[in-house]
Amino acid sequence: MSTPALAPLAEHWLLGGAADDAALVVGDRTITYGGLADRVAAARGTGPRRLTLLEATPTLEFVVAYLAALADGDPVLLMAPGDRERHGHLAAAYPPGSTEGLHEDLALLLSTSGSTGSPKLVRLSRDNVASNARSIADYLALRPGDVGITALPLHYCYGLSVLHSHLAAGATVVLTDLSVADACFWDLAERAGVTGVAGVPHTFALLDAVDFRAGVLPRLTSLRYLTQAGGRMAPDRVRSYVGDLGARGVDLFVMYGQTEATARMAYLPPHLALEHPDTIGVAIPGGALRVDPVDGAPDGCGELVYTGPNVMMGYAECLADLARGSELAELRTGDLARVTDAGLFQVLGRRDRHAKVLGHRVDLDRVESAVADAGRSVRLVARPEALWVFLAGARGRARVRDLVARCTGLRGTALRVVVLDELPVTTSGKPDDAPLRAHVERAEALGTAGTASADGPVTAEDVRDLYAVALGRPDATVESTFVALGGDSLSYVEISTRLGERLGPLPSGWPSMSAAALAAAGGPAAGAATGVAGGGPERARRRPRGVPVDVSVLLRALAIVLVVVAHADVLQVQGGAHVLLAVAGFNLARFQLAVPGRAERVRAVLGGARAIALPTAVFVGVLALVGDQYRWSTALLLNGLVGADTWDDQWQLWFLEALVWSYVALALLLAVPAISRAQRAAPFGTALLVLALALGVRFWWTGVEAGATERYTPGVVAWCLALGACAAFARHAWQRWLVALLAVAATIGFFGDPRREAIVVAGVLLLIAGRPVRLPRRVAAALGALAAASLWIYLTHWQVYPPLEDAGHPVWAVVASLAVGLAAAALAARGGTVLRAARRRLRFAPQ
């Protein structure tokens, strides 16, 4: 390692690694400290100090550019990647390349956590960054053998502190943009020997969703600690994690900080977390905390004040401020706090109108002023999980929501807009926020964000209870997701229909949302308030008529009806079964392939196969035992392998046979670690590859037009499932167009029947569009019942329609087939409930 390359870095940033020690892991590459120093030396400039603007990405290129700028003494303004539109005002206020008026100590410029829409920045010095990095490395006991990972964004002071502290300790940082919700993240962490992972409260919710403690933690033998900051985490959750982690020798560090203190100000020693989970602990090494009295605060409570070498130089609100030196000896945090009997600091809340919402710092006055400048009046009430926007009059509601979103960085259910006729005021004419806060508290107590649906407000507990009953999972909690609870295409029909009746249109990714998030995301969040004192009469939100029905549910119901109608010879509208195959592939991608973890995905796919194979084997096996219509090979779904080349009764169940063996083949592929990782990393690309392979088999086997039984052979029709999966994974317009073109190209000529081919193509195009269809409640309920019973309708209709068709009653043959299938599905569901209850009794029976 060359001394000239390392000298400026060691002087300013205390890179502690030896030349051959690993500094960064990027994909399959390991960059040593020597290699990193050489890259930084090559990237350094030669001109005068200048303001440098960088998009903070977890890449080698960013880290080199960032360290090179710091080594040159160039102040760096960090922005979120791909966020130039939102932060364009920063580039305008602080033109990159500026060389004049830069204070010699200035090293780093950061937005406070969650931009308020102003050019206000935190000015940090070299000493601020270096001292905080050393303090963090000290209390985490970081050593050269430690390995961190970029689980948080690097433009966020907490995420950036992971990079700083590990480099200061001579440790290693794994650079990745994967989420902790992605199984590939944990595969990477395991391979790299990660010793510490940082997270905010939302991170821990994701850890619960991927079953981190039971499914991931046991294989991360290198892990020695987790850290948590970025907002208060519920004490019960802290205790729960401390207990589960401690059982495996892993520590949990609960921490407290602000961008104004570079990153960290306090930490809770792990051995105290179990008894004091509601505190932030003690000051970091080199710092000090105290509580100053505040008028009106309860005895023993006051404003939390921090002193230490990591306190910022000050704020910058314009380019001229970059010439100012350090202006603060201490940081008044704005948080109300007290010292507990154990000598630990406990934060109780905010004392001003600067609030944190989901970890985003929001200046409520600035946002209200920005909206006022745009010609509208709003008042804001901040809660930890959402920002409530009270608006006078519905005019421009969408524009106001967009403006607040741009000012705060908050999106979706984190913004709850409530429309009033007028905003409440006191008798003296001043704004009166008390009734607004009272409304928020009442709404949160009800578990709804505005007007309730006709059936009453939908709470997280309502969604949880629906999951518990429909999925047979009494262990479901408000943090559970449909996918994590093992939901599949069969249960999806019932749950999506019932949720749609209560919540209105469901978010596209609702199967992966927790019950709590899904309840909060329901339509009421955007509606009007109820009972806001002083606010005058409210405007009730006009609810659209009907119930939104998921397109896969609609197609499944229509396709099974088409199957029965065609078989009973009412109308020759064939193609329904092949549409059902595409729907199955679509749902496979949304449910089984969304499950985190390779082993869990394999089990989920095999579970889907089992849900079809077992009822089929039992039902057809009984028929084979008591009659002579079916052979045992048909009951075992082996007709495609050993059946005749001409159509007979054994081919009747070809559709179920194709589904089961396609699922089994996919599970075998996913059991291969490399294939599983590739599928998680590039789901659309791998789906396209599978489609290409399936089409290759089909054209090799049949040519363009398939024969009478070839079009029902599992290996030949697998492309229908792959096409449905491609439709589910298509996220961008070009991907949807590509899948649509492939659907046309794959289907034309396959049947030698243009009408049949048009039906299949139309079904796939509807899947690609993916939009729910709003239907009258009774129609939606009927379609939902048909879709949920589609397996049993298909199984039983072969026994029901022939006698009635032969008697000259084809329409009654269809009606009877659907009715018998619905009844059989209801009996099967009841039998499943009884079996699950019996298993639970056996499991918990006294030994």
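Reading guide: rules and limits
Throughout this document, residue positions are counted from 1 along each chain, in the order its sequence is written. Per-residue local features are limited, in this predicted model, to residues with pLDDT of at least 70; the limit for side-chain atom pairs, both in listing and counting, is 80 or more; totals at the level of whole chains, interfaces and linings are taken over all residues. Only hydrogens and water are set aside when side-chain values are computed; all heavy atoms of the structure are taken into account. The patches described consist of residues with a relative accessible area above 30% and no salt bridge, like charges being joined within 9 Å and nonpolar side chains (Val, Leu, Ile, Met, Phe, Trp, Tyr) within 5 Å. The accessible surface values rely on the Shrake-Rupley method and a 1.4 Å probe; as for residues, cover is taken only from the protein chains in view. Every case where a carboxyl oxygen of Asp or Glu lies within 4 Å of a side-chain nitrogen of Lys or Arg is listed as a salt bridge. Counting from the N terminus, the helices are DSSP H or I runs at least four residues long and the strands are E runs at least two residues long. Only protein chains enter the accessibility calculation, which uses a 1.4 Å probe; a residue whose area is less than 20% of its type maximum is buried, one above 50% is exposed, and one in between is partly exposed. In this description, a line fitted to the C-alpha atoms serves as the axis of each element, helices being fitted only across the stretch in contact, and the angle between N-to-C directions of two axes falls anywhere from 0 to 180 degrees. For classification purposes, angles smaller than 35 degrees are called roughly parallel, those larger than 145 roughly antiparallel, those between 65 and 115 roughly perpendicular, and all remaining angles oblique. With the far helix as reference, a near helix turned anticlockwise by less than a right angle produces a left-handed crossing, and one turned clockwise produces a right-handed crossing. Contacts were defined at the residue level, with two residues in contact if any of their heavy atoms lie within 4.5 Å. The pairing criterion is simple: DSSP has to find at least two bridges between the two strands. Only centres within 6.5 Å qualify two rings of Phe, Tyr or Trp (six-membered ring in Trp) as a pair; their planes then separate them into stacked at under 30 degrees, edge-to-face at over 60, and tilted for everything else. We call a charge positioned above a ring when the Lys NZ or Arg CZ atom is no farther than 6 Å from the ring centre and deviates by at most 35 degrees from the ring normal.

## Topic: a nonpolar patch on the surface
Judged by side-chain polarity, V570, L571, V811, W812 and V815 come together as a nonpolar surface patch covering roughly 490 Å² of accessible area. Note on placement: L571 falls in the loop between α18 (551-567) and α19 (576-590). Accessibility expressed as a relative area gives 53% for L571, which makes it exposed.

## Considerations on the pattern of salt bridges
Between side chains of opposite charge, a pair can form as their charged atoms come close. For the structure on display, the rule yields 19 salt bridges. Here R219 makes a salt bridge to D187, at a shortest N to O gap of 3.5 Å. Of this pair, R219 sits in the loop between α9 (212-216) and β10 (225-228) while D187 sits in helix α7 (residues 183-192), and the two are 32 residues apart along the sequence. R219 is the salt-bridge partner of E190, the closest N and O atoms lying 2.5 Å from each other. Of this pair, E190 sits in helix α7 while R219 sits in the loop between α9 and β10, and the two are 29 residues apart along the sequence. Because the salt bridges share partners, they merge into one network encompassing R290, D292, E303, E330 and R332.

## What about the packing of helix α20 (residues 598-626) against helix α30 (residues 790-806)?
Packed helix pairs are specified by the crossing angle of their axes together with the interaxial distance, meaning the distance between the axes. Where α20 contacts α30, the two axes come as close as 11 Å, and the packing angle between them is 15°. Overall, the two elements α20 and α30 adopt an arrangement that is roughly parallel. The element α20 and its partner α30 pack so that their crossing is right-handed. For the pair α20 and α30, contact is made by A611, I612, P615, T616, F619, V620 and L623 and by L791, W792, L795, T796 and Q799, respectively.

## Thoughts on the sheet that holds strand β14 (residues 288-293)
A sheet is described by the order of its strands in space; here 4 strands give the open sequence β14-β15-β17-β18, paired in antiparallel fashion. Strands with a single pairing partner mark the edges of an open sheet, and in this sheet they are β14 and β18 (345-350). Strand-to-strand, the axes of this sheet are offset by a mean angle of 50°, without reference to chain direction. Here strand β17 (residues 331-339) pairs with β18 via 5 bridges, running antiparallel. Along β18, the bridge assignment pairs L336 with G349.

## Some words on the pairing of strand β21 (residues 378-383)
The two faces of the sheet receive side chains in turn, since in a regular strand these alternate between them. Sheet analysis places β21 next to strand β22 (residues 386-392), joined by 6 bridges and oriented antiparallel. Along β22, the bridge assignment pairs R379 with F390. Two successive antiparallel strands, β21 and β22, enclose a turn made up of 2 residues.

## What about the packing of aromatic side chains?
In total, this model carries 18 aromatic pairs according to the counting rule given. Considering the side-chain rings of Y139 and Y267, the 4.2 Å spacing of their centres and the 5° angle between planes classify their relative orientation as stacked. Linking Y139 in helix α5 (residues 126-139) with Y267 in strand β12 (residues 266-268), this pair joins segments that are 128 residues apart in sequence. Pair check on accessibility: Y139 and Y267 agree, each one buried. Both rings, one in W798 and one in Y801, keep their centres 6.3 Å apart while their planes meet at 55°; by these two values the pair is tilted. Taken as a pair, W798 and Y801 lie in helix α30 at a separation of 3 residues, close to a single helical turn. Each residue in the set W654, F655, Y712, Y794, W798 and Y801 is aromatic and connected to the rest through ring pairs, giving one cluster. Sitting above the plane of the Y158 ring, R264 keeps its charged end 4.8 Å from the centroid. We note R698 situated over the ring of F699; from NZ or CZ to the ring centre the distance is 4.1 Å.

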